[in-house]
Amino acid sequence: MFTGIVEELGEVVAVADLPDAARVTIAGPLVTSDAKHGDSIAVNGVCLTVVDVADGAFTADVMRETLTRSSLAKVAEGDPVNLERAAAVGQRLGGHIVQGHVDGTGVVLAREKAEHWEVVHIGLPPGLARYVVEKGSITVDGVSLTVVSVSESDFSVSLIPTTLELTTLGRRVPGEHVNLEVDVLAKYVERLALPHLRAEEAR
């Protein structure tokens, strides 16, 4: 489990294509300072399992399912990536409950600059809008953010200077894809309520 509070801006140092998978090596001195084989590290919001650690970098395998559902399929050597280690029991939950299980990718539609912040509009893939609510939480490239506005096709978030400076979201331009993870609580509520809603409709 993660909190969506990015600890470090890492860099992809190698990408190896494998049959139905890829192996990525990412430099991140902070997140690798106590990392070991089997640990979980979120990369742009995707939970990956560490298979090797050396010289301030870690290596992880990315399976076909992950490549299909996330923007990691397009990651290349030299790309910056948001990094977060798994949450430790007992620490403060600075963001919200994040699983690192990407629900889909959105497209950056527009950016509106203000004096002290920036509003970013992001397109929603079909089927995800029902889980996104105004003032609710959403994870974008692994960053826990509060939704400013939402429609059936897009939503907006406000980025403070710290987020713009210390994460990849400060560099994303219109047309680029970002990983989205909606609030898992919304999906559980829907799952539990759906049979009752269907029963009411059938009456």
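Above this text is the structure in question.
Undergrad: What exactly am I supposed to notice about the overall build of the protein here?
TA: Counting secondary structure elements, the protein contains 3 helices and 12 strands. A compact globule built from 203 residues should have a C-alpha radius of gyration of about 17 Å, and the protein, at 17 Å, falls within 12% of that. With the C-alpha coordinates aligned to their principal axes, the bounding extent of the protein is approximately 60 × 45 × 40 Å. For the protein, buried positions account for 41% of its 203 residues.

Undergrad: How should I be thinking about the nonpolar core in this particular structure?
TA: What tends to happen in soluble globular proteins is that the nonpolar side chains get buried as a cluster. Counting residues in each nonpolar core, the largest one holds 21 residues, and the members touching the most others are Val140 and Phe155. Looking at this core, the elements with two or more residues in it are strand E8 (118-123), strand E9 (137-140), strand E10 (143-150), strand E11 (154-159) and strand E12 (177-182). Leaving out residues up to four positions away in the same chain, Val140 has contacts with Ile122, Leu145, Phe155, Leu169, Val178, Asn179 and Leu180. One finds Leu48, Val50, Phe58 and Leu83 within the second-largest nonpolar core, a separate group that totals 18 residues.

Undergrad: Would you explain the sheet that holds strand E6 (residues 80-85) in this entry?
TA: Whether parallel or antiparallel, the strands of a sheet pair through hydrogen bonds between backbone atoms. Overall, antiparallel pairing links the 6 strands, which are arranged E1-E2-E5-E4-E3-E6 in a closed barrel. Ignoring which end each strand starts from, the neighbouring axes of this sheet average 45° apart. Strand direction decides the pairing type here: strand E3 (residues 40-43) and E6, joined by 3 bridges, are antiparallel. If you follow Ile41 over to E6, its bridge partner there is Arg85.

Thresholds applied
Residues numbered from 1 in each chain as written. Predicted model: local features only at pLDDT ≥ 70, side-chain atom pairs only at ≥ 80, totals over all residues. Heavy atoms only, no water. Helix = DSSP H or I, 4+ residues; strand = E, 2+ residues; numbered from the N terminus. Rg over C-alpha atoms; globule rule 2.2 N^0.38 Å. Buried < 20%, exposed > 50% of the residue type's maximum accessible area, 1.4 Å probe, protein only. Core = buried A, V, L, I, M, F, W, Y, C linked by side-chain atoms within 4.5 Å. Contact = heavy atoms within 4.5 Å. Pairing = 2+ DSSP bridges. Axes fitted to C-alpha atoms, helices over the stretch in contact; angles between N-to-C directions.

All quantities given are derived from atomic positions and should not be read as evidence of function.
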